[in-house]
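# Structural overview
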Amino acid sequence: MGRRTTGPAVPPSPSLRPSTVDDLPLDPEIRAVLRAHGIEALYPPQAEALPHVLSGRSLVLACPTASGKSLVAYLALLRAVREHRTGLYLVPLRALAQEKFDELSEFASLGFKVGLSIGDFDLPAAKLERLDLLVATSEKADGLLRRGSPWLDRLGVVVADEVHLMRDPDRGPTLEVTLTRLRRRHKDLQIVALSATVGNSAELASWLDAVHVASDFRPVPLRSGVYLDGRVTFTDLETREVGPPGDGVQRLVRETLAGGGQAIIFVSTRRGSEQAAQHVAPLVAATLSAEEKAAAAEVAQQLHLVAEEETEGLRHLAGLVPRGVAFHNAALDNAERRLLERAFLTRKLKVLAATPTLAAGINLPARRVIIRDTTRYDDHLGMQAPIPALEIQQMCGRAGRPRFDRVGEAIVIARHPEDEARLLDDVLGAPPEDVESRLAAEPALRMHLLALVASGEVRSREELATFFRGTFYGRTLPLDALTEKVEAVRGFLEGHGLLEPGPGLRATGFGELTSDLYLDPMSAVALRRAIERAPIGVRPFALLAAVAATPDLPPLFLRRGEEAEFVARYAEEEVELLVKAEEEPLDTPLELMLGSLKTAAVLEAWLDETPIVALTERFGIGAGDLHAKAEDAEWLLFGLSRIAAAFRKPLARPVDDLALRVRYGVKEELLDLVRLRGIGRARGRLLFSAGYADREALRQAPLDRIASVLRSPTLARQVALQLRHPEAGSPPKEIAMEPPAAPAPSPGAGTPRRGHRRLDEYPEHPA
DNA sequence: TGGTTGATACTATAGACAGCATGTC
DNA sequence: CTATAGTATCAACCA
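Keep in mind that what you see is a predicted model, and the values were worked out from it rather than measured.

## Some points on the protein's contact with DNA strand C
The environment of DNA strand C is formed by Arg271, Gln275, Leu381, Gln384, Ala385, Pro386, Arg415, His416 and Arg560. Across the atoms of DNA strand C situated within 4 Å of the protein, the share located in sugar and phosphate is 60%. Within the backbone of Ala385, a nitrogen or oxygen atom sits 3.2 Å from a base oxygen of DNA strand C. Take His416: an N or O atom from its side chain is 3.1 Å from a phosphate oxygen of DNA strand C. For the surface near DNA strand C, the secondary-structure elements that each account for two or more residues are helix H10 (270-285) and strand S17 (383-386).

## A short note on the environment of Ala545
Mapped onto the secondary structure, Ala545 falls in helix H22 (residues 540-548). Counting along the chain gives 59 residues from Ala545 to Glu604, while the straight-line C-alpha distance between them is 9.5 Å. Those residues within four positions of Ala545 in sequence are excluded, and the remaining contacts are Val575, Val579, Leu597 and Ala600.

## Looking at the state of the cysteines
Using the criterion set out here, one finds zero disulfides in the structure. Take Cys63: it sits in no disulfide, and the sulfur closest to it among the cysteines is that of Cys396, at 17 Å. For Cys63, a relative accessible area of 0% gives the class buried. For Cys396, a relative accessible area of 3% corresponds to the buried category.

## Observations regarding the packing of aromatic side chains
Overall, the coordinates contain six aromatic pairs when judged by the stated rule. By way of ring pairs, the aromatic residues Tyr74, Tyr89 and Phe107 are connected into one cluster. Taking NZ or CZ as reference, Arg223 lies 3.9 Å from the ring centre of Phe234, over its face. The ring of Phe510 has Arg528 lying over it, and the distance from NZ or CZ to the ring centre is 5.0 Å.

## Let's talk about helix H1 (residues 28-36)
Within H1, burial applies to Ile30, Val33 and Leu34. Considered in projection along H1, the buried side chains sweep an arc of 100° and stay on one side of the axis. H1 presents Pro28 and Ala36 as exposed residues on the side facing more than 90 degrees away from its buried surface. Positioned one or two residues after H1, Gly38 has a phi angle of 75°, which is positive.

## A closer look at the protein's contact with DNA strand B
In the vicinity of DNA strand B lie 50 residues, with Arg560, Arg677, Gly678, Gly680 and Arg683 positioned nearest. Of all DNA strand B atoms lying within 4 Å of any protein atom, the proportion belonging to sugar or phosphate reaches 65%. In the model, a phosphate oxygen of DNA strand B is placed 2.7 Å from a nitrogen or oxygen of the Arg270 side chain. Mapped by element, the contributors of at least two residues to the surface near DNA strand B are helix H6 (138-146), strand S16 (375-378), helix H27 (623-646), helix H28 (652-664) and helix H29 (681-689). Looking at the surface near DNA strand B element by element, the count peaks at four residues for H27. Here the surface near DNA strand B is built from residues that sort into 18 nonpolar, 11 polar and 21 charged.

## Considering the pairing of S17
In this sheet, S17 lies alongside S16 in antiparallel orientation, the contact comprising four bridges. Directly across from Thr375, in S17, lies its bridge partner Pro386. Hairpin remark: S16 followed by S17, antiparallel, with four residues in the connecting loop; positive phi at Gly382, about 80°.

## A short note on the confidence of the model for chain A
Mean pLDDT over chain A stands at 89; residues scoring 70 or higher make up 92%. Between residues 7-11, whose pLDDT stays under 50, and residues either more than four places distant or in other chains, the model counts 11 contacts. With pLDDT under 50 throughout, residues 728-767 is counted as low confidence; its partners more than four residues away or in other chains account for 69 contacts.

## Description of the nonpolar core
Note on soluble globular proteins: their nonpolar side chains tend to be buried together. Residues Phe468, Leu637 and Ile643 are the most contacted members of the largest nonpolar core, which totals 85 residues. A domain-level breakdown of this core finds at least three residues from each of domain 3 (442-515) and domain 4 (519-665). In contact with Leu637, other than residues within four places in its own chain, are Leu544, Val547, Val655, Leu658, Ala659 and Val662. Grouped together as the second largest cluster of nonpolar side chains are 64 residues, Ala263, Ile264, Val267 and Val280 included.

## What to know about the pairing of strand S9 (residues 222-228)
In terms of residue burial, S9 counts as a mostly covered element, since six of its seven residues are buried. Bridge analysis of S9 against strand S18 (residues 408-413) gives six bridges, and the strand direction is parallel. Opposite Arg223, over in S18, you have Glu409 as the bridge partner. Note that S9 and strand S10 (residues 231-234) share four bridges and pair antiparallel. Note that in S10 the partner of Leu228 across the bridge is Arg231.

## A few points about the domain arrangement of chain A
Parsing chain A into structural domains produces domain 1 (3-215), domain 2 (222-428), domain 3 (442-515), domain 4 (519-665) and domain 5 (676-724). For domain 4 and domain 5, the distance between their C-alpha centroids amounts to 32 Å. Taken together, the contact pairs eight residues of domain 4 with four residues of domain 5. Buried surface at the junction of domain 4 and domain 5, summed over both partners, amounts to about 400 Å²; 34% is from carbon and sulfur atoms. Scanning the region where domain 4 abuts domain 5 turns up four residue pairs in polar contact (both at pLDDT 80 or more). Grouping the amino acids of the side of domain 4 that touches domain 5 by side-chain chemistry returns five nonpolar, two polar and one charged.

## Considering the packing of helix H11 (residues 290-306) against helix H13 (residues 334-345)
For the pair H11 and H13, interaxial distance at closest approach is 9 Å and the crossing angle is 160°. Regarding the angle of H11 to H13, the classification is roughly antiparallel. In this structure, H11 crosses over H13, and the sense of that crossing is right-handed. Every residue of H13 that contacts H11 at Val299, Gln302, Leu303 and Val306 is listed here: Ala335, Glu336, Leu339 and Ala343. Per-class residue counts for the contact of H11 with H13 are six nonpolar, one polar and one charged.

## A few points about the sheet that holds S18
Ordered in space as S11-S10-S9-S18-S15-S12-S14-S13, the eight strands form an open sheet in which the pairing is mixed. The open sheet has two edge strands with one neighbour each: strand S11 (239-241) and strand S13 (325-328). Sheet twist, expressed as the average angle between the axes of neighbouring strands with direction ignored, equals 20°. In terms of strand pairing, strand S12 (residues 263-266) meets strand S15 (residues 368-371) through four bridges, oriented parallel. Paired with Ala263 across the two strands is Arg368, which belongs to S15. Sheet strands touched by helix H9 (residues 248-258): S9, S10, S11, S12, strand S14 (351-354), S15 and S18. Its angle to S15, the strand with the most contacts, is close to 175°. Of the strands in this sheet, S12, S13 and S14 touch H10, which is tilted by about 170° from S13.

## What about helix H21 (residues 521-533)?
The first and last C-alpha atoms of H21 sit 18 Å apart over 13 residues, in line with the 18 Å expected at 1.5 Å per residue. Those residues of H21 lying buried are Pro521, Met522, Ser523, Ala524, Val525, Ala526, Leu527, Arg528, Arg529, Ala530 and Ile531. Buried-residue contacts for H21 involve helix H16 (442-454), helix H19 (479-495), helix H20 (509-516), H22, helix H24 (573-579) and H27. Where H21 starts, the residue carrying a side-chain oxygen 2.9 Å from the main-chain nitrogen of Met522 turns out to be Asp520.

## Things to note about the packing of helix H25 (residues 590-607) against helix H26 (residues 612-619)
Between H25 and H26, whose axes approach to 10 Å, the crossing angle comes to 160°. As the angle between them shows, H25 and H26 are arranged roughly antiparallel. Classified by chirality, the crossing of H26 by H25 is right-handed. The segment H25 lies against H26, with Lys598, Ala601, Val602, Ala605 and Trp606 engaging Ile612, Leu615, Arg618 and Phe619.

Each value, and the rule that gives it
Residues numbered from 1 in each chain as written. Chains lettered and ligands numbered in written order. Predicted model: local features only at pLDDT ≥ 70, side-chain atom pairs only at ≥ 80, totals over all residues. Heavy atoms only, no water. Near = heavy atom within 4 Å. Polar contact = N/O pair within 3.5 Å; in protein donor to acceptor, adjacent residues only side chain to side chain. Helix = DSSP H or I, 4+ residues; strand = E, 2+ residues; numbered from the N terminus. Contact = heavy atoms within 4.5 Å. Disulfide = S-S within 2.5 Å. Buried < 20%, exposed > 50% of the residue type's maximum accessible area, 1.4 Å probe, protein only. Phe/Tyr/Trp six-rings, centres within 6.5 Å; stacked < 30°, edge-to-face > 60°. Lys NZ or Arg CZ within 6 Å of the ring centre and 35° of its normal. Arc of directions from axis to C-beta. Nonpolar A, V, L, I, M, F, W, Y, C, P; charged D, E, K, R; others polar. Pairing = 2+ DSSP bridges. pLDDT = per-residue confidence, 0-100. Core = buried A, V, L, I, M, F, W, Y, C linked by side-chain atoms within 4.5 Å. Domains from an automatic or database assignment. Buried area = accessible area lost by both parts, 1.4 Å probe. Axes fitted to C-alpha atoms, helices over the stretch in contact; angles between N-to-C directions. Parallel < 35°, antiparallel > 145°, perpendicular 65-115°, else oblique. Left-handed = near helix turned anticlockwise from the far one by under 90°. Expected span 1.5 Å × (residues − 1).

Quick look at the structure:
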């Protein structure tokens, strides 16, 4: 168990280090809440980090998951609130944001308000202003910065969770840029960065002018090893036989269950997750007691309730769950995934076979983690590539469940004898990898360069260089390589009318709109081109194809034999017109374009009220894929509508209607009905079939008639209420936690959000 | 001839953020 | 370049 502390501050000497909550300089009220939650003794990393944090220092805390990092962050946030500052908690995933929001809300009895800001769940600006703490994705925080939100004015603390994800080429730069911008805006900002164990966490600390605390402490110790031919060799070279029957996965699962533990099997494909679950189901079922069988059967019942339709994947899943096993991947929709996660946490499920969905997500530990696949298909490479050691180590970190397990075990299955040594030394035993900035990735530069300029933070190349010097990239890598790419990106933005030409850096109206819409500039350019080419009365499919072909909506894979179908659709006149680009770098390889058209075809069928079962069978996708694509498309259609309005194209209205249809998956004739709260795809169709084509028709109908059509008097009353008072209906769900006691002093009303410009303010640009 | 078996070739491949204004079955 | 499991295809073989 190692511990390293470096940093600008002189660390407190070990003898002064607190070992319980009582030793901390905390308000008695905070201490009482902690005690009420059973938090008393501090883990070593907490004891080491908290004095720094509570004295207002920035901190980089690098240690394994479940070692108590969150508490350190929460106390930093509470301290800020006590000093009438606000706190921002940055997370990489919506599900994680929800988790942190729920946990922070537990402290709301102390008299402050917590809010949640994630894509599908946001607060009106007025409510935001009254919040003391906000949990947000990096992208949402980036959005607040772009719009110069006054909520940030009183900001005192920023927590950056999973900060090692800065190395992610897609979304890491957003976190890096957001942290840099926040620090520039608030010179005295306290940053609490929480990281997995990485090689260069001290370098991160140096960048953030923070105290560095690194530790290998885990409340449940971890052993990791490699399985080969009936024997596990641990990294300490101890070995253990794991007896037959069955292959490695089966043997390891059986052994885990025999000791009363749970197991997670990590695999690299969706099919692999289904297959692995199937593979161990008989032996898991054999260990279940009568009560456990009943509990698992109940989970299966709930699964049927939360699932929208009985797809083939759901049937497979529902067949496995009563046996105590489930698979977990992104083909499942969110409700299904959350249900399975809860069932595993409550030990109603014994084994989960999961794709990386689970590795990066919420805290879900198991006594044993079995890593079946150590390679994964890499789209860029076109073939299998090893999963980075850091990711493998993250999966391993899931092993060991506090209170249930004395020790956690992570075991990698070796496929070939020659792999054993490599896995032990170069993967499990590898020194933790470094976090490296990915700011130089071009899509990221496009986004953030435009945003910096559009928000007025950067007005010249000199200011831009200064900005980059303040990033982690600037602190760790030579800027020359970046500057070269920036110039290319700047050329792209200027060439497509997002930046004003000339030596200075100034965004056009189109550039500002693109930044506000949070679109990849490449997408905005493609959407604008589609708008300009779209004929009057353009068919929905062509518009869907236009949004599906942007880089903000990754294409679906084509299955065998699907190619001809989408080649044919590509040849449709309007489609080719809206989607095809002749010039670099906007033109897309045919293969990807056909995948985009498949996405458009899926959405088209969704709009045609095709049942989800039929969609999954016809296109080989899961319910989760469908919802993800529909959500993305709805967002992009909104962008399309705004761009159309900005350029005075008479397309905004039909596109808004299309976006609403995409949200609910309904034909045009249901558009009026689904505007009612509580009425969606299924109920809308029920009403329509019963002869109520729109809200006006419904207004004439007797209440009991509506109730019988909807098979719910409660719902019918709710609908009737909305029909009488369009603004009434059920009040919106309250997200902000109202304090039971006197509210904190509320800040004055901030400046309103910069209004979107009217049409004529957008100059025309060469296409 | 019909059916089975086995060698071989071919096929497919993880995940999830954002706008806006409030709720699907 | 750094893979593998599942499936389709087809020839060889047997009754």
